[in-house]
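Structural description and commentary
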Amino acid sequence: QGSPALRPGEVVCRVRIPLAEWDFGAFRKVSPKAPPSQSILGFCGLARLQRDVLGDVRFAVTGLYRPERGAPVVYRDRAAEVALSGQHLPLSRRLIEQHCERFYATLARRPEALPPDSYQAGTAARLFDWLFDQLNHLRPGLPAGRSSVL
């Protein structure tokens, strides 16, 4: 708990902390009702907007826990972030569903993450869907301001 998920021999060689402001930010923390062996999920999404077009997009899920791994896993799909950049708001339901399906597929290929049929993986996918819904409720053409949804 609290230690980095580095494999033996791996070294952190760079930490990047962006200084620029984001137009949109949303965070959710979900605590399971199930046994304490399941960790709390955290989800954060950030976006920069240019009128009704998504510029830079970032999102991550933390707390995807596998007991045999011993520590929660942080999940971030940079390819999905790049694919969303340049998309017009509101995002189509079809595009949202494609990205949620992609999440499940990517998760299934990552041995350190949870099986895609687990409660936590399903909750994480619903959090992605929630983020897209929050982005769709921004009013195109108006300054996005800072949003914090709990």
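The following refers to the structure shown. Please read all numbers here as calculations on a predicted model, not as lab measurements. (Residues numbered from 1 in each chain as written. Predicted model: local features only at pLDDT ≥ 70, side-chain atom pairs only at ≥ 80, totals over all residues. Heavy atoms only, no water.)

The secondary structure content of the protein chain amounts to three helices and four strands. Each of the 150 residues in the protein chain was classed as buried or not, and the buried ones make up 39%. Taking all contacts inside the protein chain whose residues are at least 6 apart in sequence as the whole, residues at least 24 apart take part in 56%. Here the protein chain displays about 9400 Å² of accessible surface, and carbon together with sulfur accounts for 55% of that area. (Helix = DSSP H or I, 4+ residues; strand = E, 2+ residues; numbered from the N terminus. Buried < 20%, exposed > 50% of the residue type's maximum accessible area, 1.4 Å probe, protein only. Contact = heavy atoms within 4.5 Å. Areas by Shrake-Rupley, 256 points an atom, 1.4 Å probe, with all protein chains shown as cover.)

Before going further, it helps to spend a moment on the nonpolar core. Counting 29 residues, the largest nonpolar core has Leu54 and Phe128 as the members making the most contacts within it. Sorting elements by how many residues they give to this core places helix 3 (residues 119–136) first, with eight residues. Excluding residues that lie within four positions of it along the chain, Phe128 makes contacts with Phe43, Phe59, Val61, Tyr75, Cys100 and Phe103. (Core = buried A, V, L, I, M, F, W, Y, C linked by side-chain atoms within 4.5 Å.)

This part takes up the pattern of salt bridges. Evaluation of the coordinates by the stated rule reveals seven salt bridges. One salt bridge in this structure joins Arg93 and Glu97, with 3.6 Å as the shortest N-O distance. Here Arg93 and its partner Glu97 are both found in helix 2 (residues 93–109), four residues apart, which amounts to about one turn of the helix. One continuous salt-bridge network, built from bridges that share partners, spans Arg48, Asp56 and Arg58. (Salt bridge = Lys/Arg side-chain N within 4 Å of Asp/Glu carboxyl O.)

Further remarks concern helix 3. In an α-helix, one turn spans 3.6 residues, which is why side chains three or four residues apart end up on the same side. In a regular helix each residue adds 1.5 Å, so 18 residues correspond to 26 Å; helix 3 covers 26 Å between its end C-alpha atoms and thus fits that length. Burial within helix 3 is extensive, with 13 of its 18 residues counted as buried. (Expected span 1.5 Å × (residues − 1).)

Quick look at unusual backbone geometry now. Following Leu89, the chain continues into Pro90 via a peptide bond in cis, with omega recorded as 0°. Structurally, Pro90 can be placed in the loop between helix 1 (78–84) and helix 2. Not every positive phi belongs to a glycine, and Arg51 is a case in point at roughly 60°. Position of Arg51 relative to the elements: it lies in the loop between strand 2 (41–50) and strand 3 (53–65). Accessibility expressed as a relative area gives 72% for Arg51, which makes it exposed.

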